[in-house]
Amino acid sequence: MGRNDSNVTKMRKKQILLLKIGVVVWVCVIYAFFLHKPAATSTQKSHDITEQLDKLEEELNKQSQFYSVLLNKLRTMHQQQQNLGDEAVLQDPIVESPLLDGPVLPVLLIACNRDAAVRRSLDLLLKYRPSQERFPIVVSQDCGHRPTREAIESYGEKVTLIQHPDLSDIEVPLKERKFKGYFLIARHYRWALNQMFQKFEYEAVIIVEDDLDIAPDFYEYFSATYPVLQADPTLWCVSAWNDNGKADLVDVKNGTGLLYRTDFFPGLGWMLTKELWEELGPKWPRSYWDDWVRAPEQRSDRACIRPEISRTRTFGKKGVSNGLFYEKHLKQIYLNDAYTSFTKMNLTYLMKDHYDLVFEKQVQASQVVTINDVKGDRLAKGGFYRLIYHTKDNFKKLAKSLGLMDDFKAGVPRTGYKGTITFFYRGLRIFLSPGNNWKGYNPSWS
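Let us look at the structure shown here. (Residues numbered from 1 in each chain as written. Predicted model: local features only at pLDDT ≥ 70, side-chain atom pairs only at ≥ 80, totals over all residues. Heavy atoms only, no water.)

**Here we look at the overall build of the chain**
Then step 1. Across its full length, the chain carries 12 helices and 16 strands.
Then step 2. Expressed as a percentage of its 446 residues, the buried residues of the chain come to 46%.
Then step 3. Residue pairs in contact within the chain that sit at least 24 positions apart in sequence constitute 76% of those at least 6 positions apart.
Then step 4. Total accessible area on the chain stands at roughly 23300 Å², and carbon and sulfur atoms take up 54% of it. (Helix = DSSP H or I, 4+ residues; strand = E, 2+ residues; numbered from the N terminus. Buried < 20%, exposed > 50% of the residue type's maximum accessible area, 1.4 Å probe, protein only. Contact = heavy atoms within 4.5 Å. Areas by Shrake-Rupley, 256 points an atom, 1.4 Å probe, with all protein chains shown as cover.)

**Digging into the sheet that holds strand β2 (residues 137-141)**
Then step 1. Read across the sheet, eight strands follow the order β3-β2-β1-β4-β8-β6-β9-β7 without closing on themselves; strand pairing throughout is mixed. Each edge of the sheet is formed by a strand with only one pairing partner; in this case those strands are β3 (160-163) and β7 (259-262). Between one strand and the next, the sheet's axes are offset by a mean angle of 25 degrees, whatever the strand orientation.
Then step 2. Pairing of strand β1 (residues 107-111) with strand β4 (residues 204-209), which is carried by four bridges, proceeds in the parallel orientation. Note on β4: the bridge partner recorded for Val107 is Ile206. (Pairing = 2+ DSSP bridges. Axes fitted to C-alpha atoms, helices over the stretch in contact; angles between N-to-C directions.)

**Describing helix α10 (residues 352-365)**
Then step 1. For α10, which comprises 14 residues, the first-to-last C-alpha distance of 19 Å matches the rise-based estimate of 20 Å (1.5 Å per residue) to within 8%.
Then step 2. Looking at α10, one finds that the buried residues are Tyr355, Asp356, Phe359 and Val363. Projected down its long axis, α10 shows its buried positions confined to an angular sector of 95 degrees, all on one face. Of the exposed residues in α10, those oriented more than 90 degrees away from the buried face are Asp353, Leu357, Lys361 and Ala365.
Then step 3. On its buried face, α10 is in contact with β7, β12 (384-389), β15 (421-425) and β16 (428-434). (Expected span 1.5 Å × (residues − 1). Arc of directions from axis to C-beta.)

**Regarding the packing of aromatic side chains**
Pairs of aromatic rings are described using the distance from one ring centre to the other and the angle between the two planes.
Then step 1. The final tally for this structure, using the stated rule, is 27 aromatic pairs.
Then step 2. Judged by centre distance (6.4 Å) and plane angle (70 degrees), the ring pair of Phe179 and Tyr288 falls under edge-to-face. Pair noted here: Phe179 is in the loop between β3 and α5 (180-199) and Tyr288 is in the loop between α7 (274-280) and α8 (289-294), with a separation of 109 residues, a long-range link.
Then step 3. Looking at Tyr288, the relative accessible area reads 24%, which means it is partly exposed.
Then step 4. On the numbers, 5.5 Å between centres and 80 degrees between planes, the contact of Tyr355 with Tyr417 is edge-to-face. Here the residue Tyr355 occupies a position in helix α10, and Tyr417 occupies one in the loop between β14 (412-413) and β15, the gap between them amounting to 62 residues. (Phe/Tyr/Trp six-rings, centres within 6.5 Å; stacked < 30°, edge-to-face > 60°.)

**A few points about the pairing of β2**
Then step 1. Taken across its five residues, β2 has five buried, putting it largely inside the fold.
Then step 2. Where burial is concerned, the two faces of β2 agree: the one with Ile137, Val139 and Gln141 and the one with Val138 and Ser140 are both buried.
Then step 3. In terms of strand pairing, β1 meets β2 through five bridges, oriented parallel. Bridging from a neighbouring strand, Ala111 pairs with Gln141 of β2.
Then step 4. Once you follow β1 into helix α3 (residues 115-128) and on to β2, the crossover reads as right-handed.
Then step 5. Pairing geometry for β2 and β3, over four bridges, is parallel. Looking at β3, one finds that Ser140 is bridged to Ile162. (Right-handed = clockwise from strand over helix to strand, strands pointing away.)

**Digging into the pattern of salt bridges**
Then step 1. Counted according to the given criterion, the structure contains 24 salt bridges.
Then step 2. Between Asp217 and Arg311 there is a salt bridge, with its nearest N and O atoms 3.0 Å apart. Here Asp217 is found in the loop between β5 (212-214) and α6 (218-231), whereas its partner Arg311 is found in the loop between β9 (303-307) and β10 (312-314), with 94 residues between them in sequence.
Then step 3. Given a relative accessible area of 0%, Asp217 falls into the buried group.
Then step 4. Accessibility expressed as a relative area gives 0% for Arg311, which makes it buried.
Then step 5. Put simply, Asp377 and Arg426 hold a salt bridge, and the shortest N to O gap is 3.8 Å. (Salt bridge = Lys/Arg side-chain N within 4 Å of Asp/Glu carboxyl O.)

**Focus on α6**
Then step 1. Spanning 14 residues, α6 covers 21 Å between terminal C-alpha atoms, matching the ideal 20 Å at 1.5 Å per step.
Then step 2. The largest bend in α6 comes to about 30 degrees, at Thr225, with the proline Pro227 one to four residues further on.
Then step 3. Most of α6 sits inside the fold, with 11 of its 14 residues counted as buried.
Then step 4. Looking only at α6, the buried set comprises Phe218, Tyr219, Glu220, Tyr221, Phe222, Ser223, Ala224, Thr225, Tyr226, Val228 and Leu229. (Bend = angle between axes of the 7 residues up to and from the residue.)

**Focus on the packing of α3 against helix α4 (residues 146-153)**
In a pair of packed helices, the angle between the axes and the distance between the axes together describe the arrangement.
Then step 1. Across the interface, α3 lies against α4 with an axial gap of 8 Å and an inter-helix angle of 20 degrees. Accordingly, the angle class assigned to the pair α3 and α4 is roughly parallel. Handedness of the crossing formed by α3 with α4: right-handed. Along the contact surface, α3 presents Asp115, Val118 and Arg119, while α4 presents Pro147, Thr148, Ala151 and Ile152. (Parallel < 35°, antiparallel > 145°, perpendicular 65-115°, else oblique. Left-handed = near helix turned anticlockwise from the far one by under 90°.)

**Observations concerning a negative patch on the surface**
Then step 1. Negative charge collects at one region of the surface, where Glu201, Glu203, Glu275 and Glu278 lie side by side.
Then step 2. Positionally, Glu275 belongs in helix α7.
Then step 3. Owing to a relative accessible area of 65%, Glu275 belongs among the exposed residues under this scheme. (Patch = residues over 30% accessible without salt bridge, like charges linked within 9 Å, V, L, I, M, F, W, Y side chains within 5 Å. Lys, Arg positive; Asp, Glu negative; His and termini not counted. Charge placed at Lys NZ, Arg CZ, Asp CG, Glu CD.)

**Remarks on the nonpolar core**
Then step 1. One finds Leu122, Leu125, Ile137, Phe218 and Tyr219 to be the most contacted residues of the largest nonpolar core, which totals 47 residues.
Then step 2. If sequence neighbours within four positions are ignored, Leu125 has contacts with Val107, Leu109, Ile137, Val208, Ile214, Phe218 and Tyr219.
Then step 3. With 27 residues, the next largest nonpolar core counts Ile110, Trp236, Leu276 and Leu280 among its residues. (Core = buried A, V, L, I, M, F, W, Y, C linked by side-chain atoms within 4.5 Å.)

**What about the state of the cysteines?**
Then step 1. Applying the stated criterion across every chain yields a total of two disulfides.
Then step 2. Put simply, Cys112 and Cys143 are joined by a disulfide, and their sulfur atoms are 1.6 Å apart. Here the disulfide of Cys112 and Cys143 is left-handed, its torsion about the S-S bond being about -85 degrees. In this pair, Cys112 is assigned in the loop between β1 and α3 and Cys143 in the loop between β2 and α4, connecting sequence segments 31 residues apart.
Then step 3. On the basis of relative accessible area, Cys112 is assigned to the partly exposed category, the value being 22%.
Then step 4. Classification of Cys143 as partly exposed rests on a relative accessible area of 38%.
Then step 5. Through a disulfide, Cys237 is tied to Cys304; the S-S separation comes to 2.0 Å. Between Cys237 and Cys304, the S-S torsion sits near 115 degrees, and that sign places the bridge as right-handed. One end of the pair, Cys237, is in strand β6 (residues 235-239); the other, Cys304, is in strand β9, and 67 residues separate them in sequence.
Then step 6. A relative accessible area of 1% means that Cys237 is categorised as buried.
Then step 7. With cysteine numbering restricted to those in disulfides and following the sequence, the chain has the pairing 1-2, 3-4. (Disulfide = S-S within 2.5 Å.)

In structure tokens form, the structure reads like this:
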């Protein structure tokens, strides 16, 4: 697109220059003709002037026709240039026009003392960002780590750096001293989100941490789901993460555009609104903020949107969690690499009334099978199947057998919706779901 645009522009400038030169030359010729014409009688002068004026008018008409044709050609070339530009935009989804206009959705990157990780995260956030005005990046740094601060400052005006002013030690119960990092993180989150919503007055924020890679359509995903989040009060977040997003548990080939509702708060690249922060901020916990968010008192039966294929992937093996789940699960999450134009899709199917009707119908219509049927390759590919669990232990046994995460938070299994886990296994769409007499989540299943 850039080469075509440059060639057309150069050609237009050259032709306009020739046009101007032609007009100047013509005027000079007429002036020279009158200047050097021999003297004559007044009658003859009058006749000659009339004759010359007629000729001049004829020549001007010819010139006018010539320049009119030239102007039309230039207009045609300009239109072709615009068409080429439009085609190029359609072929390069990273700069699609829907992402250049719309609500401001800032990215808040939480950082501390990992300068190399911050650089890796910022490089991708900037690489895929379609608009600095629409997607400002704010890096909030805790810890006072100088190399990390200098790494952030090296990006200049591309990002905004804010620094947590309270670097004092934090009081932690004796039995939880080894978990002090979780207390510091909760304190930092509260301060940073207050800055975003109260000081900068943003209406929504996308939160990432300094150990996340993002997919090429990361911004596209959040742009398209934001209106749904606004419109449906039964939703309270959008997450780019699928806890069960391993390559052998998702439909890598055909699932890039699939989105779901989930009762489990996924985190790891997520969006919340100012309205939700005004609800949660005043009672924000001193530690373990993500588990606190998942408690029934905060969730209030609300759901999040999550993708079939993750738009984020963590590379942070080292951190306050000491690599918990990293080798077994987190390291294996598949990061989407096929750009999906979510802003061109109708995502209203994620609204609760419509989604629940279709979801429950799909689950009930699915063929009930056993774990031996699934793992024994006895089922037709492309079909929908249902594995039923009745107890916590039953669920954990089935989940482990399939490579799913088997833990619960406040009684909710990861990616669960109405107790059901949706995943893709060896060409089969499977629902791991409770029996039809399910009464809701049991908080003791944790």
